[in-house]
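Single-letter residue listing:
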Amino acid sequence: MSFAHISLEAKQKALAELTEVKSLFASRGWFQGTSGNLSIRVGDFTPEDFHFAITASGKDKSLSTPEDFLFVDQTGQPSELTKLKPSAETLIHCEIYKQTGCGAIFHVHTVFNNLVSELFWERKSIPVDGVELIKAFNIWDEEAHIDIPIVSNFAHIPSIVPEVTERLDKRIPGIMLRKHGIYAWGANAFEAKRHLEAFEFLFEYVYRWELLKR
Ligand SMILES: CSCCC(=O)C(=O)COP(=O)(O)O
Ligand SMILES: [Zn+2]
């Protein structure tokens, strides 16, 4: 679908939702030092053809300006003429959309997500056992066990993508980059936010439980 054929209303809705969630996450201290990025997909989807709005790279995400977001296509290239640069991590968003067909992706760096990514790096996944908030991922088993995948963090972002492809688990709406941060996604902004909040709760729980056990 060409970008021009996507309705103005859909584009404005995505930008309004990004503005709102960006401001909320900033108020929680989730964008320290310009870290983090957010995106919402617009229009129809096929793995070969889609568009999404994403945060511009390197901005202070606690501020709201007319230059906070731009639209890109499935290759990460701007969908329209702009001087703005998309997030340096846009290719990770492209890959997650391609693999899952989801509607929104939120990425944050927090102390707890960085700590657990290193604590469990050797097993390449973060184990969570029987915590009620696993239900936020629509996993309703009693005493559910989940493993949240951790992938390598390379400075060269395209090198991260194949590992994301390989490790992405359709049951778990998130993937962790080692000593970097979590990517969480959902069918829409509401669901991606619920998933991200659940991940952050679980990371803090897992970290504190590990300390208590020692
Ligand atoms: C300053 S944090 C390093 C880059 C990063 O990991 C991040 O999430 C923000 O990069 P962006 O290009 O999206 O601003
Ligand atoms: Zn990042």
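Residues numbered from 1 in each chain as written. Chains lettered and ligands numbered in written order. Predicted model: local features only at pLDDT ≥ 70, side-chain atom pairs only at ≥ 80, totals over all residues. Heavy atoms only, no water.

1. As for the UniProt feature "binding site: Zn(2+)" (unreviewed entry) in the protein
- Per the UniProt record, "binding site: Zn(2+)" (unreviewed entry) is found at H107 and H109.
- One can find H107 in strand β4 (residues 104–108).
- Taking the relative accessible area as the measure of exposure, H107 reaches 0% and is therefore buried.
- Discounting chain neighbours no more than four positions away, the residues touching H107 are F31, G36, N37, L38, E89, H180, G181, I182 and Y183.
- You can see H109 is positioned in the loop between β4 and α3 (111–119).
- The class of H109 is partly exposed, set by a relative accessible area of 25%.
- Once you skip the residues sitting within four places of it in the chain, H109 turns out to touch W30, S35, G36, N114, H180 and G181.
- A polar side-chain atom of H109 sits 3.1 Å from a polar atom in the side chain of H107. (UniProt positions renumbered as here; feature names shortened; annotations may be inferred. Helix = DSSP H or I, 4+ residues; strand = E, 2+ residues; numbered from the N terminus. Buried < 20%, exposed > 50% of the residue type's maximum accessible area, 1.4 Å probe, protein only. Contact = heavy atoms within 4.5 Å. Polar contact = N/O pair within 3.5 Å; in protein donor to acceptor, adjacent residues only side chain to side chain.)

2. Examining the coordination of the zinc ion (ligand 2)
- Here the zinc ion (ligand 2) is held by E89 (OE), E89 (OE), H107 (NE2), H109 (NE2) and H180 (NE2), and the distances to it run 2.1 to 2.7 Å.
- When the donor residues of the zinc ion (ligand 2) are listed from N- to C-terminus, their spacing reads E-x17-H-x1-H-x70-H. Of this pair, H107 sits in strand β4 while H180 sits in the loop between β7 (174–177) and β8 (181–186), placing them 73 residues apart in sequence. Comparing H107 with H180 shows no difference in burial state: the two are buried. (Donors = N, O, S within 2.8 Å, 3.2 Å for Na, K, Ca; no water.)

3. A word on helix α5 (residues 189–213)
- Here α5 contains 25 residues, and its C-alpha end-to-end distance of 36 Å stays within 8% of the 36 Å for a straight helix at 1.5 Å per residue.
- Every buried residue of α5 is listed here: A189, E191, A192, H195, L196, A198, F199, E200, L202, F203, V206 and E210.
- Taking the backbone nitrogen of F190 as reference, a side-chain oxygen 3.3 Å away marks N188 as the first, capping residue of α5. (Expected span 1.5 Å × (residues − 1).)

4. Focus: the packing of helix α1 (residues 8–27) against α5
- Two elements in contact, α1 and α5, have axes separated by 11 Å at closest approach and are oriented at 20 degrees. Comparing their axes, α5 and α1 come out roughly parallel. Of the two possible hands of crossing, α1 and α5 adopt the one that is right-handed. Contact residues: E17, V21, L24 and F25 in α1; A189, K193 and L196 in α5. (Axes fitted to C-alpha atoms, helices over the stretch in contact; angles between N-to-C directions. Parallel < 35°, antiparallel > 145°, perpendicular 65-115°, else oblique. Left-handed = near helix turned anticlockwise from the far one by under 90°.)

5. Let's talk about the nonpolar core
- Counting 44 residues, the largest nonpolar core has F25, F106, I126 and I148 as the members making the most contacts within it.
- Contributing elements (two or more residues each) for this core: α1, β1 (37–46), β3 (69–73), β4, β5 (125–129), β6 (145–151), β8 and α5.
- Considering each element in turn, this core owes the most residues, 8 residues, to α5.
- Residues contacting I126, with those up to four places away along its chain left out, are V116, F120, I146, D147, I148, I150, M176, F203 and V206. (Core = buried A, V, L, I, M, F, W, Y, C linked by side-chain atoms within 4.5 Å.)

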